[in-house]
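Fold and contact review
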Amino acid sequence: DNDMPVLTLTLTPNVVSESAGPTAVSAVLTRTGNTNTKITVKLSDDSDGALYYSNKSIVMDKGVESVFFNFGPVDNTLQEGDRVYTVNAGIWVSSCSCAASGESAGSVSAKLTVLDNDGAALSVTSDAGTVKEGGETTITVSRNTLADISKPLTVTLSSNYDAELSYEKTVTIPSGQTSAQVTVKSNKNSTPDDTHTVIFTVTAEGYASRTCFLLVT
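What comes next concerns the included structure.

Conventions and cut-offs
Residues numbered from 1 in each chain as written. Predicted model: local features only at pLDDT ≥ 70, side-chain atom pairs only at ≥ 80, totals over all residues. Heavy atoms only, no water. Helix = DSSP H or I, 4+ residues; strand = E, 2+ residues; numbered from the N terminus. Rg over C-alpha atoms; globule rule 2.2 N^0.38 Å. Buried < 20%, exposed > 50% of the residue type's maximum accessible area, 1.4 Å probe, protein only. Areas by Shrake-Rupley, 256 points an atom, 1.4 Å probe, with all protein chains shown as cover. Lys, Arg positive; Asp, Glu negative; His and termini not counted. Charge placed at Lys NZ, Arg CZ, Asp CG, Glu CD. Salt bridge = Lys/Arg side-chain N within 4 Å of Asp/Glu carboxyl O. Disulfide = S-S within 2.5 Å. Core = buried A, V, L, I, M, F, W, Y, C linked by side-chain atoms within 4.5 Å. Contact = heavy atoms within 4.5 Å. Pairing = 2+ DSSP bridges. Axes fitted to C-alpha atoms, helices over the stretch in contact; angles between N-to-C directions.

Each helix and strand in the protein was counted, giving zero helices and 19 strands. Its C-alpha atoms give the protein a radius of gyration of 26 Å, more than 25% over the compact-globule value 17 Å for 217 residues. Structurally, the protein occupies a C-alpha span of about 85 × 35 × 25 Å along its principal axes. For the protein, buried positions account for 37% of its 217 residues. Carbon and sulfur atoms provide 48% of the accessible area of the protein, an area that totals close to 11700 Å². Within the protein, one finds 14 positive and 24 negative side-chain charges whose respective centroids are separated by 4 Å.

Structural data, given as structure tokens:
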């Protein structure tokens, strides 16, 4: 379409830490050529939700050549390594109910590098918050090193109430996987109406340890 304006997209900075915040990047969207009409520009990217925008629809009124907006990375607890995302801006075309994309007129893209800020760490959760004596629950142990799960990881489990619990004290997260599960059984005893807060701790070499708790009644 010869009437479609040419877009440019500038990101400042174009390298940010994951912890920089949801407004860390200042973006300038500029159109040249036809500025005599009101247009709507749709934003998209390939981050799978790792970038935050307060609004993915940018309106440029008649005569407006440039608009400014902010966006930024979503901070998580996963060790993913540094990532390079492609941010796309495409003019909304009402005739097809779609945004211009790729090499077509009215479309532009820019690269953003997000630096990972997460160290290797474990996490641990229990399927049940409360377990009765004689009952059981499943403990899930996970690692956050998504960038490198090529090797198995042996994790040690312990608790402050081991005398009354039965479970495997080590579990191996297989290569290619991020988690493994352990069944924890509560042993019956002869003491009536006793309730204990059990704290589980998971540790592994090179990883930050984590805890979770449950009630045994």
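On we go from here.
Attention now moves to unusual backbone geometry. Trans peptide bonds make up most of the peptide bonds, and negative phi angles are found at most residues other than glycine. The amide bond that connects Thr12 to the next residue, Pro13, takes the cis arrangement and shows omega of -10°. Locating Pro13 in the fold gives a position in the loop between β1 (6-12) and β2 (15-17). Notably, Asp48 is not glycine yet its phi reads approximately 55°, a positive angle. Take Asp48: its relative accessible area is 77%, and that puts it in the exposed class. One non-glycine residue with positive phi stands out, namely Ser97, at about 50°.

Tallied over the full model, the rule gives three salt bridges. Across the salt bridge formed by Glu80 and Arg83, the nearest N and O atoms sit 3.2 Å from each other. Residue Arg83 is joined to Asp116 by a salt bridge in which the shortest nitrogen-to-oxygen separation is 4.0 Å. Of this pair, Arg83 sits in strand β8 (residues 83-93) while Asp116 sits in the loop between β10 (107-115) and β11 (122-126), and the two are 33 residues apart along the sequence.

Under the definition given, this model contains one disulfide. The disulfide partner of Cys96 is Cys98, and the S-S distance across this bridge is 1.8 Å. For the disulfide bridge between Cys96 and Cys98, the dihedral angle about the S-S bond is near -75°, and by the sign convention the bridge is left-handed. The partly exposed category is assigned to Cys98, whose relative accessible area is 29%.

Turning our eyes to something else, we now look at the nonpolar core. Leu9, Leu11, Leu29, Val41 and Phe71 are the most contacted members of the largest nonpolar core, which totals 27 residues. Every element with two or more residues in this core is listed here: β1, β3 (25-32), β4 (39-45), β5 (51-53), β6 (57-60), β7 (66-73), β8 and β10. In this structure Val41 touches Leu7, Leu29, Lys56, Ser57, Ile58, Met60, Ala89, Gly90 and Ile91, once residues within four positions along its chain are discounted. The next biggest cluster of nonpolar side chains, apart from the first, holds 24 residues, and it includes Val124, Val171, Cys212 and Leu214.

Below, the discussion takes up the sheet that holds β3. Strand pairing within a sheet occurs via backbone hydrogen bonds; the two strands may be parallel or antiparallel. Pairing within the open sheet is antiparallel, and its four strands lie in the order β1-β3-β7-β5. Both edges of this open sheet fall to β1 and β5, since each of them pairs with a single strand only. Between one strand axis and the next, the sheet turns by 30° as a mean value, whatever way the strands run.

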